Every structure is written in C-alpha cells, then in structure tokens.
Amino acid sequence: MTRVLVVDDEPQILRALRINLRVRDYDVHVAATGAEALEVAGRYPPDLVILDLGLPDLDGVEVIQGLRGWTKAPIIVLSGRADSLDKVEALDAGADDYVTKPFGVEELLARMRAAVRRTGTPEDLPRIRLGELVVDLAAKRVVRQAPVPAGGDGAAPDPAGRPPAEGIRLTPTEWHLLEVLLRNPGKLLSRNQLLTEVWGPGYADATGNLRLYMAQLRRKLEPDPARPRWLITEPGMGYRYQPDPESGT
C-alpha cells in the first residue's frame, strides 16, 4: 500500500483528499502545517508527498528542502500560486511536479501514479524506444532502426532477420542532457536543474546553452523538430521527456 502524506492548511482539501485517496487504497496521513508535516514524515516515512506551498508557519519550499535532506519520495506541489517563478523555485528545491489549484482529482491521481512509477527505477530502464530510435543508456549509443528496403536496394537485413541500423552521433554534452531527461520520464525539470546537472553549478545563467543543445537534440532525434514529440518545452519553467503511452524499453 502506497503511503501518502498530504500537507495543506485548508481543512476541506485535507478531508477531500483523505477520502478520495483512502477509497483508492492509499495509506493517507495529513498535516496542516510545515512543522507537523516534517514530524509526521519522520514518524511515517511517505512514499509520496502532496504539498501546499502556502502554509501558516513554514514556506512550502522550506518543507521540500527539509524532506529532501533524507528522502527521495516524490513530492507533488499543490498550490494556488500560478506564477512560474514559484513553480521553478519549488522544482529547484526538489519537487517532482506542480499542480495548480483548482485541480481535478483524476489529474492529480494520474500524476501520483506517474511519480510513483518513476521512483527508484532509472537503472531498470537501460534501453528506451523513441519511435524508430533505440537509446541504449548502458552502451551510451542511439540507433535508428531502418526499414527493410521493399525493392531489395540498399542494405539488407542480417541472417537473423533484423533490419539494418543507423547510428546517430551525439556529442558528450548532448548525450549527458538526453540521459538526464530520459532518466526522469514525465518529470518536469527546471532550467536550473538541467544546467547544474549537465554543465555544473557555475552555469545557472547559461540558458542560451540549454536552448542550443535542446534544439540540436531535437534536430537529431525528433521526426519534426519544430513540433517535438518527446523532448517537450514547458514555457517559463523547463523541459520534460514525455514518453509515448505505448512505448517499451
């Protein structure tokens, strides 16, 4: 049973989420303040946290930082703050996703399921398919599986019946950026997170670098770089890798 900690100072939201989540067999704990949230989390370590930013004692970002000191449990921010700066600050502090109030319960549940699926699984997903592309994280290579020529011209399949493959060359920086995105399927990664992870802590303002390399990755990997299918921009916030619903590994 997945244990969920819901943190919000609005009693009606706590009650509604407690009821909806328990009906769906979640083990639910609630807290109305930041201090209570940290105390409850310490006593009952959560598998997932739903957190309001506007708490009466601590700012939600402080709670995220407190939790991130010892747990990797996914944190979904649930807040009435619609400003993109608030979202970016929460994501940089360690939140995994951001849902703006008012919200639909079904959307929240879907985001919860996605967050739980992502937890602790990056090493279990060494090969990822992007349409005709296969990204092998272990071998650090990207291969396009070419279709078998209908008229017999060009490369033929090997004796095992496999179609010929075309390698796609990525620079070390392109590879690093792609790997960070693919290891966080569906997760919104802020620009600061990506810049720090790929280029280092001294590049927080180098957003031009990030835009350039994202454009290069799209040109090499996306069927239509102007309308990306997998490497998605979230305006004002960052980027995410959006897997196909039917994609396998």
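Residues numbered from 1 in each chain as written. Predicted model: local features only at pLDDT ≥ 70, side-chain atom pairs only at ≥ 80, totals over all residues. Heavy atoms only, no water.

Draft legend 1. Region of the structure containing the nonpolar core. Val135, Val142, Leu177, Leu178, Leu181, Leu194 and Leu210 are the most contacted members of the largest nonpolar core, which has 28 residues in total. Taken together, the elements giving at least two residues each to this core come down to strand S6 (127–130), strand S7 (133–136), helix H6 (172–182), helix H7 (191–198), helix H8 (207–221) and strand S12 (238–241). Examining the composition of this core, we find that six residues originate from one element, H6, more than from any other. Excluding residues that lie within four positions of it along the chain, Val142 makes contacts with Val134, Val135, Glu166, Gly167, Ile168, Leu170, Trp175, Leu178 and Leu221. Listed in part, the 20 residues of the second largest apolar core include Val49, Leu51, Leu53 and Ala93. (Core = buried A, V, L, I, M, F, W, Y, C linked by side-chain atoms within 4.5 Å. Buried < 20%, exposed > 50% of the residue type's maximum accessible area, 1.4 Å probe, protein only. Helix = DSSP H or I, 4+ residues; strand = E, 2+ residues; numbered from the N terminus. Contact = heavy atoms within 4.5 Å.)

Draft legend 2. Here's a closer look at the sheet that holds strand S2 (residues 27–31). The five strands lie next to each other as S2-S1-S3-S4-S5, forming an open sheet whose pairing is parallel. The open sheet terminates on both sides in strands that have one partner only, identified here as S2 and strand S5 (97–100). Averaged over neighbouring strand pairs, the angle between their axes works out to 20° when direction is ignored. In this structure, strand S4 (residues 75–79) lies alongside S5, joined through four bridges in parallel fashion. (Pairing = 2+ DSSP bridges. Axes fitted to C-alpha atoms, helices over the stretch in contact; angles between N-to-C directions.)

Draft legend 3. Region of interest: unusual backbone geometry. Lys101 connects to Pro102 through a cis peptide bond whose omega is -10°. Looking at the secondary structure, you find Pro102 in the loop between S5 and helix H5 (105–118). Unlike most non-glycine residues, Asp25 shows phi in positive territory, near 70°. Within the secondary structure layout, Asp25 lies in the loop between helix H1 (11–23) and S2.

Draft legend 4. Inspection of the packing of H6 against H7 at higher detail. Packing of H6 against H7 brings their axes to within 10 Å, and their N-to-C directions diverge by 130°. The angle between H6 and H7 falls in the class oblique. Relative to H7, the crossing made by H6 is right-handed. Contact with H6, carried on its side by Thr173, His176, Leu177, Val180 and Leu181, involves Leu194, Glu197 and Val198 of H7 and no other residues of that element. Of the residues belonging to the contact of H6 with H7, the class tally is five nonpolar, two polar and one charged. (Parallel < 35°, antiparallel > 145°, perpendicular 65-115°, else oblique. Left-handed = near helix turned anticlockwise from the far one by under 90°. Nonpolar A, V, L, I, M, F, W, Y, C, P; charged D, E, K, R; others polar.)

Draft legend 5. Looking closely at helix H3 (residues 60–68). For H3, the set of buried residues is Gly60, Val61, Val63, Ile64 and Leu67. Each buried residue of H3 lies within a common arc of 155° when the element is viewed along its axis, so the set occupies one face. Tucked into the core, H3 has its buried residues touching helix H2 (34–43), strand S3 (48–51), S4 and helix H4 (84–93). Structurally, the start of H3 carries an N-cap: the backbone nitrogen of Val61 is 3.0 Å from a side-chain oxygen of Asp59. (Arc of directions from axis to C-beta. Polar contact = N/O pair within 3.5 Å; in protein donor to acceptor, adjacent residues only side chain to side chain.)

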